[in-house]
Amino acid sequence: MKVLHIKLWRDLTRLRAQVATIAMVVAIGVAGFVGMFSVHQSLQQSRDDFYRDNRLADVFASVKRAPLHLRERLAALDGVAEVKLDVVFDAQIDLPGVLPPVTGRFIGLDLARVHANRQGLNALTLKRGRWPERDGALEALVSDRFAAARGLNPGDTVHAILNGQRERIQIVGSAASPEYVFASQGGAPDDTSFGIWWIDGARMTQAFDMQGAFNQVSLRLDAGQAVAPVLAQVDRLLEPYGAFGATGRDKQLSARIVSDELDQLQVMGTVLPAIFLLVAMFILNVVLSRQVATQRGQIAALKALGYSDGAIARHYIQLALAIAGLGVAVGLLMSQLIGRAMLGLYDEVFRFNGLVYQTSGWLMVVSALLAAAAAAAGTWNAIRSVVRLKPAQAMMPPAPPAYQPTLVERLGLRRYVSTGAMMVIRNFERRPLRAAFTVTGIALAVALQISGAFWLDAIGHIVDVQFRQVQQGDVLLNFRRPVPVSVVQDLKRLPGVIDAEPYRTEPVRVHLRGRSEDTALTGYRSDAQLLRVVDQTRGAVAMPSHGVVLSALLARALGARVGDRMELEFRLWSEQRVEVVVVDIVHTLFGQLLYMDLDAMNDLARDGAGVADAALQVDPLAMDAFWGAVKAAPLISSVFDKAGSMAAFDKITSRNMGVFSGILTLFAVAMAVGIIYNAARIALSERAWELASLRVLGMTRAEVSVLLLAELGVLLLVALPIGALTGWGLASLMMRLMSSDSIDFPVVIEPSTYASAALIVLAAGVVSALLVRRQIDRLDLVSVLKVRE
């Protein structure tokens, strides 16, 4: 074994505690990078396989009612390779033993094609049971996640109100669909109150009076065909039939949410590991620079024996690479645990055929290269010192630094500062770069803890805004068809109803300065309280008597400003084109939406004063009787129960965010211990002679420990506010990178989050201080005080 190899092994053994802490920081960075990108890759591959195998369409469009003979004209459009027409309606479902009704989206199946294994686009994967049969009782498949959440099994029976008629439905199996990987009424995961149901297409058209008609179309395009020209052709063809506006796969609700989630995962897999590798580089720089300083004599001897600068420099690079290599090895093992745990959480939200965790070789190679690059960068100062050091110069002790009065002394404040405090101040002022590195590292640990914990604050803010400020009512109802506004009086007569307010939501297309967007227009009464528009800074916004209010996301997409005149095109009932004035822009959390006064909206639509939705406030003590009345109301097609949705939302998001936050907390603690412990060990090695001298002069172990650890405490206290500010900046950066055209994530960090982050890092500092205190107590005064001439 070569001499330098023996020295390398001895250095690693002697520095084993510092090696372990640095390797742990590298390991966390590697684990985060490989684990998150592996989850991203696994989800993306599972999604792509599911979309391909089940033939997810490229274009989707909904209409009020269109004749089936349009199939040939749709198929003849340029770039269209395949057409699928469906009948789709929402209906309320009465589950046995469940008090509130749930909403089901019913879709007709062509059973002849299904049994011939020729489903076409958006094909189902049968998970349990069998396919429905045409004869006999009305049979259905139900989405697998809804079935699991509600404990539904083949053979169970439920009742549904289909077009006003109460029907008995027998469940024969469960299935997964690429069109509903993410099944939701309004964007939030809720497997308990919303499910997809597939029944015989012939029975479906008969139940909803859709013979010879369809209300949803899916298209597959030729390979390489641009989507935009096809969307324009489909819109022109379907416009006379009350079209909602065709969309590409990128804007289809389920596909868009899956894509947004993958993009967010990619951001986290890039930003967070970069922090750890940066901190590892800082620590390596300080540790190896100190190693070179303490091994001047050894370096001089090696040079005198003929070892070149390059050979000695490679030795220190190998030391850094050995530490990084240990971190990479541990990080790759940790990535498997983290990745599989995160993938298990995603499996409960997304409905692919299957999720298989996989790690690509290129990810491991890239992680190793990044760690090696960080290690090499951290050794740069040490290598420069080695190259510059001459043998004769290295044989002598280092020249004492040229000391000068500190700023405190120059200002004449020395008499107000104790001797111990003065020693700490002098050490800071004479080694400012090292103190800055340590403060930066500790601040990054605080920032990381904040960036992990603030998600719970953001989720809590979203819940508060959406479920308590926007929707102050308890229940939202949707009717099968528009009804007079006077239906409010009938709703108020239902058991337990305290108040009821109508509102109206219509699909529209807006045009402004050559830009167009398909969106929804919602009309509220001017005195609406149960469902209202809430601006993130201004609070509740009353609807003006004229003009339209835009969400900030829609205003940004259109380039709209207050005072602009824009064209509004109703797509469903009236199909009117009107010009409106933008009177306000509100910063809401979700959606590119428009709002206006209900009466003004009805005047513009010119189709009567009808509404299809209502918000209700219900006495909690009368909910049983209320739900019974709702189930018996044939005109109500779907129901949104706020309490049930909040419970489902909290169950999924709180658990997932809690796991994620917990992982980042452990990472932040490991980083803080690594930084603080190494800083304290380096300070101890540099000041061992000084501390031993003070012991000989009569100071106790505790007094000597205070001198060293007080410096550590000051660094911690300085780093905490910087870390809090950095944490806010990191959270803002992540939210900016993760926001999309449909979601404006808020940056909300509660004081308790800042406090907990500070306490966790302080606790890590205390642990590190106790470990170093043991080293101080074990100082061998005789050996430390020996002076090498």
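Further up the page is the structure itself.
Quick look at the structure, then.

Reading guide: rules and limits
- Residues numbered from 1 in each chain as written.
- Predicted model: local features only at pLDDT ≥ 70, side-chain atom pairs only at ≥ 80, totals over all residues.
- Heavy atoms only, no water.
- Salt bridge = Lys/Arg side-chain N within 4 Å of Asp/Glu carboxyl O.
- Helix = DSSP H or I, 4+ residues; strand = E, 2+ residues; numbered from the N terminus.
- Buried < 20%, exposed > 50% of the residue type's maximum accessible area, 1.4 Å probe, protein only.
- Core = buried A, V, L, I, M, F, W, Y, C linked by side-chain atoms within 4.5 Å.
- Contact = heavy atoms within 4.5 Å.
- Pairing = 2+ DSSP bridges.

### Section: the pattern of salt bridges
The full count for this structure, using the stated rule, is 25 salt bridges. Across the pair Arg-220 and Glu-82 runs a salt bridge, and its minimum N-O distance is 3.1 Å. Placement of Arg-220 in strand 10 (residues 213-221) and of Glu-82 in strand 2 (residues 80-86) is noted, with a sequence separation of 138 residues between them. By relative accessible area, which is 31% here, Arg-220 ends up partly exposed. With a relative accessible area of 16%, Glu-82 lands in the buried category. The partner of Asp-200 in a salt bridge is Arg-134, with the nearest N and O atoms 3.5 Å apart. Pair noted here: Asp-200 is in strand 9 (residues 194-200) and Arg-134 is in the loop between strand 5 (125-129) and strand 6 (138-143), with a separation of 66 residues, a long-range link. Members of the salt-bridge network, linked through shared partners, are Glu-239, Glu-567, Glu-569 and Arg-577.

### A short note on the nonpolar core
Residues Leu-43, Phe-350, Trp-455, Phe-667 and Met-671 are the most contacted members of the largest nonpolar core, which totals 96 residues. Breaking this core down by element, the ones donating at least two residues are helix 2 (16-53), helix 8 (253-294), helix 10 (309-347), helix 16 (432-470), helix 21 (642-696), helix 22 (701-738) and helix 23 (751-777). Top element by residues in this core is helix 21. It accounts for 19 residues. Phe-350 has contacts with Leu-43, Arg-145, Val-181, Phe-182, Val-258 and Glu-261, leaving out every residue within four places of it along the chain. Core analysis: the second largest hydrophobic core is formed by 25 residues, Ala-140, Phe-146, Ile-169 and Ala-213 among them.

### Some thoughts on the environment of Leu-708
Structurally, Leu-708 can be placed in helix 22. With 25 residues separating them in the primary sequence, Leu-708 and Ala-683 have C-alpha atoms 7.5 Å apart.

### Quick notes on the pairing of strand 2
With 6 of its 7 residues buried, strand 2 lies for the most part within the structure. In the sheet, strand 2 pairs with strand 10 via 6 bridges, with the strands oriented antiparallel. Looking at the pairing, Leu-85 lines up with Val-217 of strand 10.

### Structural notes on the pairing of strand 13 (residues 497-512)
Most of strand 13 sits inside the fold, with 13 of its 16 residues counted as buried. The sheet contact formed by strand 13 and strand 21 (residues 610-618) spans 6 bridges and is antiparallel. Residue pairing for strand 21: Ala-500 is matched across the bridge by Leu-616. As defined by bridge partners, strand 13 adjoins strand 14 (residues 515-524) across 10 bridges and the pair is classed as antiparallel. What sits directly across from Arg-504, in strand 14, is Gly-523. In this structure, strand 13 lies alongside strand 18 (residues 565-570), joined through 4 bridges in antiparallel fashion. Directly across from Val-510, in strand 18, lies its bridge partner Leu-568.

The quantities given are spatial measurements derived from coordinates; they are silent on function.
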